[in-house]
Amino acid sequence: MQLIQENPDLSAYLAADEVIDHHHHVVREVAARLAEESADSYVYAQAAYEYVRDTIPHSADSGDPRVTWRASDVLAQGTGICHAKAHALTALLRAEDIPTALCYQRLTHDAGTGHCVHGLVAVRFRGGWHRQDCRGNKPGVDARFSLAGEQLAWVPDARSSELDYPVLYAAPHPAVLRVMKDAPDRPYLWENLPDAL
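Note that the structure is a prediction, hence the values are computed from the model and not measured.

A. A look at helix 2 (residues 41-55). In this model helix 2 runs 20 Å from its N-terminal to its C-terminal C-alpha over 15 residues, within 8% of the 21 Å that 1.5 Å per residue would give. Considered for burial, the residues of helix 2 that qualify are Tyr44, Ala45, Ala48, Tyr49, Val52 and Arg53. Burial along helix 2 is one-sided: seen end-on, the buried residues are contained in an arc of 160°. As for helix 2, its buried residues are in contact with helix 1 (25-36), helix 5 (82-95), strand 3 (115-125) and strand 4 (128-132). Residue aspartate 40 occupies the N-cap position of helix 2, its side-chain oxygen lying 3.1 Å from the main-chain nitrogen of tyrosine 42.

B. Representation of the side chain of aspartate 64 in the model. Within the element layout of this structure, aspartate 64 appears in the loop between helix 3 (59-62) and helix 4 (71-77). Exposure remark for aspartate 64: the relative accessible area of 14% places this residue in the buried category. Separated by 2.7 Å, the side chains of aspartate 64 and arginine 66 make a polar contact.

C. A look at the nonpolar core. Tyr44, Leu89, Leu92 and Leu93 are the most contacted members of the largest nonpolar core, which has 49 residues in total. When residues of this core are traced back to their parent elements, those giving at least two are helix 1, helix 2, helix 4, helix 5, strand 2 (100-108), strand 3, helix 6 (174-182) and helix 7 (186-192). In terms of residues, this core owes the most to one element, helix 5, which gives eight residues. In contact with leucine 89, other than residues within four places in its own chain, are Ala48, Tyr49, Val52, Val121 and Cys134.

D. Geometry of the pairing of strand 4. Of all five residues making up strand 4, five are buried, and the element is well covered by its neighbours. Here strand 4 shows a buried face lined by Gly128, His130 and Gln132 and a second buried face lined by Trp129 and Arg131. Strand direction decides the pairing type here: strand 3 and strand 4, joined by five bridges, are antiparallel. From the neighbouring strand, phenylalanine 125 faces strand 4, where its bridge partner is glycine 128. Linking two consecutive strands that pair antiparallel, namely strand 3 and strand 4, is a turn of two residues; a positive phi of about 55° is found at arginine 126 within it.

E. Local environment of helix 6. All buried positions along helix 6 are accounted for by Ala175, Val176, Leu177, Val179 and Met180. Of the surrounding elements, those touching the buried residues of helix 6 are helix 5, strand 2, strand 3 and helix 7.

F. Looking closely at the packing of aromatic side chains. Tallying each qualifying case throughout the model produces five aromatic pairs. Aromatic pair tyrosine 104 and tyrosine 169: ring centres 5.7 Å apart, planes at 65°, arrangement edge-to-face. Of this pair, tyrosine 104 sits in strand 2 while tyrosine 169 sits in the loop between strand 6 (167-168) and helix 6, and the two are 65 residues apart along the sequence. The class of tyrosine 169 is buried, set by a relative accessible area of 13%. Through successive ring pairs, a cluster of aromatic residues spans Tyr42, Tyr49, Phe125 and Phe145. Stacked on the ring of tyrosine 42, the Lys or Arg arginine 126 has its end atom at 5.7 Å from the ring centre. Sitting over the face of the ring of tryptophan 69, lysine 181 holds its NZ or CZ atom 5.0 Å from the ring centroid.

What counts and how
- Residues numbered from 1 in each chain as written.
- Predicted model: local features only at pLDDT ≥ 70, side-chain atom pairs only at ≥ 80, totals over all residues.
- Heavy atoms only, no water.
- Helix = DSSP H or I, 4+ residues; strand = E, 2+ residues; numbered from the N terminus.
- Expected span 1.5 Å × (residues − 1).
- Buried < 20%, exposed > 50% of the residue type's maximum accessible area, 1.4 Å probe, protein only.
- Arc of directions from axis to C-beta.
- Contact = heavy atoms within 4.5 Å.
- Polar contact = N/O pair within 3.5 Å; in protein donor to acceptor, adjacent residues only side chain to side chain.
- Core = buried A, V, L, I, M, F, W, Y, C linked by side-chain atoms within 4.5 Å.
- Pairing = 2+ DSSP bridges.
- Phe/Tyr/Trp six-rings, centres within 6.5 Å; stacked < 30°, edge-to-face > 60°.
- Lys NZ or Arg CZ within 6 Å of the ring centre and 35° of its normal.

This is the structure we're talking about:
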């Protein structure tokens, strides 16, 4: 699949906003700690990915009812769904000048009924974009940071009307963000995520 930048200006994928708030002190502190232990930007990117994947539980896996959507809140509260974790990873990567995009998949809903939009990121290295899924591993899910071929949580099954969206967004998709901001708790959010973009 060919990934398509929504915005041709690469600087858009380094920008901060109310969601990807990489100038926030919480984001800066985590980024500085990870950068101090990293020899180069590739090592940093992998460390940031593993930090978000492994130390911030996916709220559906942990049963945490809180909803986070702003990157600094995800890092401070240590919880979030896939989209929130993607926001946190994007902020950590952009904090160290690594162009990062938000991207999406349409997957069968965990409840077994219908579909939902799943969030992940793409990082720019070696002249190309590489998708990464930091949602968190669990039995049946073994996502890893890789520039040599995707190792995502899920590969969409076209027979189940699942798909990869090729667009790389500089900011969270409005349909996803609106539901996240309006959700009183994670169960509500889980049932009201868009089923397509």
